[in-house]
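Given next are the chains, with one letter for each unit.
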Amino acid sequence: MTSPNLAGSMQDWVKGLLPDLLGVEFTDVAPDKVIARLAVRKDLCTLGDNLHGGAIMAFADTLGAVAAILNMPQGARTTTIESKTNFIRGAPLGTRVIGEAVPVHKGRTTVVCQTSIRSEEGKLVALVTQTQLVISPKGV
């Protein structure tokens, strides 16, 4: 089940941070799936007018972190400890990409998410697997 209200809350939560600067737009946010869009703007592109790999990785890292947060104990924090990206095809200037992060492991100390970045036509742009460390709140 997805929650537009949770998506709005996440949008507010990242206000003024890197995901806001990138233009990440959360559309569906739930513990089992986080979906967002990103417009491919000139300032996010390479010299060849394709979405920069660093922008793709930052987009995926954001979605994976949100998915991890939604699957951790209340008060816990997270940080990315490993990320692997397979770049499949370019995303040209003027288009949008859709990211979908799905937790594939929800452990006590780590959460592993797989994020697919696709064109609006559904073509795979990148596949990212990341591990998020679960940092327990003090006293737990």
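Look above for the structure.
Residue indices begin from 1 for each chain and proceed along its sequence in written order. In keeping with the model being predicted, local features are shown solely for residues with a pLDDT of at least 70 and side-chain atom pairs are shown and tallied solely at 80 or more, while totals for entire chains, interfaces and linings include all residues. The basis for the side-chain values is all heavy atoms of the structure; hydrogens and waters are excluded.

A.B. asks: Mind showing me how you'd approach the overall build of the protein chain here?
C.D. replies: Going along the chain from the N terminus, every DSSP run of H or I of four or more residues is numbered as a helix, and every run of E of two or more is numbered as a strand. Helix and strand counts for the protein chain come out as three helices and six strands. What you see in the protein chain, going N to C, is helices and strands ordered as α-α-β-β-α-β-β-β-β. In this setup the radius of gyration rests on C-alpha atoms only. A globule is expected at 2.2 Å times the number of residues raised to 0.38. Against the globule reference of 14 Å for 140 residues, the protein chain gives a C-alpha radius of gyration of 15 Å, in line with a compact fold. In terms of its C-alpha atoms, the protein chain occupies a principal-axis envelope of roughly 50 × 30 × 25 Å. A 1.4 Å probe rolled over the protein chains alone gives each residue an accessible area, and that area as a share of the maximum for its type sets the label: buried under 20%, exposed over 50%, partly exposed in between. By the burial criterion, 38% of the 140 residues in the protein chain qualify as buried. The contact rule is simple, with two residues in contact once any of their heavy atoms fall within 4.5 Å. Across the protein chain, contacts joining residues at least 24 apart in sequence account for 61% of those joining residues at least 6 apart. For accessible areas, the Shrake-Rupley method is used with a probe of radius 1.4 Å. Any residue's cover is judged against the shown protein chains and nothing else. Accessible surface computed for the protein chain: about 7600 Å², of which carbon and sulfur atoms make up 55%.

A.B. asks: What is the right way to look at the nonpolar core in this model?
C.D. replies: One broad rule of soluble globular proteins: the nonpolar side chains tend to lie buried together. Of all hydrophobic cores here, the largest spans 35 residues; its most connected members are Phe26, Val34, Leu38, Leu51, Phe59, Val97 and Ile117. The contacts of Phe26, once residues within four sequence positions are left out, are Ala7, Met10, Gln11, Val14, Val34, Ile35, Ala36, Thr62, Leu63 and Val66. Residues grouped as a nonpolar core are buried Ala, Val, Leu, Ile, Met, Phe, Trp, Tyr and Cys residues, joined through side-chain atoms within 4.5 Å.

A.B. asks: What is the right way to look at the layout of surface pockets in this model?
C.D. replies: Space left empty within the atom packing is revealed by a probe, the size of a water molecule, rolled over the atoms. Roughly 330 Å³ of volume is contained in the largest pocket. Cavity means a closed set of points on a 1 Å grid over the protein atoms alone, one where a 1.4 Å probe fits but cannot get out, pocket means an open set with protein on both sides within 12 Å along at least 5 of 7 lines, and lining means a residue has an atom within 4 Å of a point. For the largest pocket, the lining is made up of 16 residues, of which Trp13, Pro19, Asp61, Thr62 and Ala65 are closest to its centre. In terms of residue count, helix α3 (residues 53–69) provides more of the lining of the largest pocket than any other element does, seven residues in total. Residue classes follow a fixed rule: Ala, Val, Leu, Ile, Met, Phe, Trp, Tyr, Cys and Pro count as nonpolar, while Asp, Glu, Lys and Arg count as charged, and any other residue, Gly among them, counts as polar. Partitioned by chemical class, the residues of the lining of the largest pocket number 10 nonpolar, five polar and one charged. Grid points are joined across faces, edges and corners, and a volume is the space filled by probe spheres set on the points.

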